[in-house]
Amino acid sequence: MTATRFYLFIMLLLAGIYVFFKPMNIAQQQPGEIAQLELNDFTVKEFDTEHLKTVLSGSFGKRFTDRYEVEDINFTDATREHKQNITAKSGLYKSGIVTLKGAVLFKRDDGVVFSSEHIVYDHNSTIARAIGPFKLRRGLESFSGVDLVYNNTNGNIAAKAINGIYILKSREPI
């Protein structure tokens, strides 16, 4: 093989590589937001000088700069007159607002219990909103409907498309 044929062979080889082999377009994934802290099977308790205020537990949790994301959340709030407990499959806590999804159950120590698939609870105003269908029990009374708004401070309840059983207190005869 002469030098001319060798250089011609190398040029044809490089031209073939250039024409037939396309460069790989590798998409560079930008790293998403990284959690500052990740916890497995955890319980976080908040105390003040007199007593236990809140308890938050879950099977897996992530803490970001502006929010907490928790799986199998169990949140107990004892800062108000009535102690309340909220459980759900997942929860997001951001700026005093807890967004709960998946088999959400809200219980209060005075017997108020309601469930829904999606509840938004404002810890500051103590208002819980069930987005979509809900079921509520209070003693022997039971209700179902859509879009519940429950004020935890004064006990006021508002909803749409309500069906329920309400037991009236008997009056004494005149």
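What counts, and where the lines are drawn
- Residues numbered from 1 in each chain as written.
- Predicted model: local features only at pLDDT ≥ 70, side-chain atom pairs only at ≥ 80, totals over all residues.
- Heavy atoms only, no water.
- 1 Å grid on protein atoms, 1.4 Å probe; cavity = no way out; pocket = protein on both sides within 12 Å on 5 of 7 lines; lining within 4 Å.
- Points joined across faces, edges and corners; volume = space filled by probe spheres on them.
- Helix = DSSP H or I, 4+ residues; strand = E, 2+ residues; numbered from the N terminus.
- Nonpolar A, V, L, I, M, F, W, Y, C, P; charged D, E, K, R; others polar.
- Core = buried A, V, L, I, M, F, W, Y, C linked by side-chain atoms within 4.5 Å.
- Buried < 20%, exposed > 50% of the residue type's maximum accessible area, 1.4 Å probe, protein only.
- Contact = heavy atoms within 4.5 Å.
- Patch = residues over 30% accessible without salt bridge, like charges linked within 9 Å, V, L, I, M, F, W, Y side chains within 5 Å.
- Areas by Shrake-Rupley, 256 points an atom, 1.4 Å probe, with all protein chains shown as cover.
- Salt bridge = Lys/Arg side-chain N within 4 Å of Asp/Glu carboxyl O.
- Pairing = 2+ DSSP bridges.
- Axes fitted to C-alpha atoms, helices over the stretch in contact; angles between N-to-C directions.

A. Region of interest: the layout of surface pockets. Estimated volume of the largest pocket: approximately 380 Å³. Surrounding the largest pocket, 20 residues form its lining, Val44, Leu56, Tyr68, Phe75 and Tyr93 being those nearest its centre. If you list the elements that add at least two residues to the lining of the largest pocket, you get strand S1 (37–47), strand S2 (52–63) and strand S3 (68–77). For the lining of the largest pocket, the per-class residue count stands at twelve nonpolar, three polar and five charged.

B. Molecular detail of the nonpolar core. Formed by 22 residues in total, the largest nonpolar core has its most connected members in Ile86, Leu100, Phe106, Phe114 and Leu148. For this core, the elements supplying multiple residues, two or more each, are S3, strand S4 (84–94), strand S5 (97–108), strand S6 (112–122), strand S7 (127–138) and strand S8 (141–151). Phe106 has contacts with Gln84, Asn85, Ile86, Val112, Val113, Phe114, Tyr121, Ala128, Tyr150 and Asn152, leaving out every residue within four places of it along the chain.

C. Fine view of unusual backbone geometry. Here Ser95, not a glycine, exhibits a phi torsion of approximately 55°, which is positive. Tracing the sequence through the fold places Ser95 in the loop between S4 and S5. Within the chain, Asp147 stands out as a residue other than glycine whose phi angle is a positive 55°. Its location among the elements puts Asp147 in strand S8.

D. Spatial organisation of a nonpolar patch on the surface. Taken together, the side chains of Phe6, Tyr7, Phe9, Ile10, Leu13, Leu14, Ile17, Tyr18, Val19, Phe20 and Phe21 present a nonpolar region at the surface, about 1,300 Å² in accessible area. By the element assignment, Phe9 lies in helix H1 (residues 3–20). Relative accessible area serves as the criterion here: at 46%, Phe9 is assigned to the partly exposed category.

E. Geometry of the pairing of S3. Relative to S3, S2 is paired through eight bridges, and the arrangement is antiparallel. Paired with Val55 across the strands is Thr76, a residue of S3. Linking S2 to S3, which pair antiparallel, is a turn of four residues. Both S3 and S4 contribute to a ladder of nine bridges, which runs antiparallel. Bridge assignment links Ile73 to a residue of S4, and that residue is Ala88. As consecutive antiparallel partners, S3 and S4 are separated by six residues.

F. View of the sheet that holds S1. As summarised here, the arrangement of the nine strands in space is S1-S2-S3-S4-S5-S6-S7-S8-S9, forming an open sheet in which the pairing is antiparallel. Where the open sheet ends on each side, the last strands, each with one partner, are S1 and strand S9 (157–165). With direction set aside, neighbouring strand axes in the sheet form an average angle of 15°. Looking at chain direction, S4 and S5 are connected through nine bridges and run antiparallel. Of the residues in S5, the one forming a bridge with Ile86 is Phe106.

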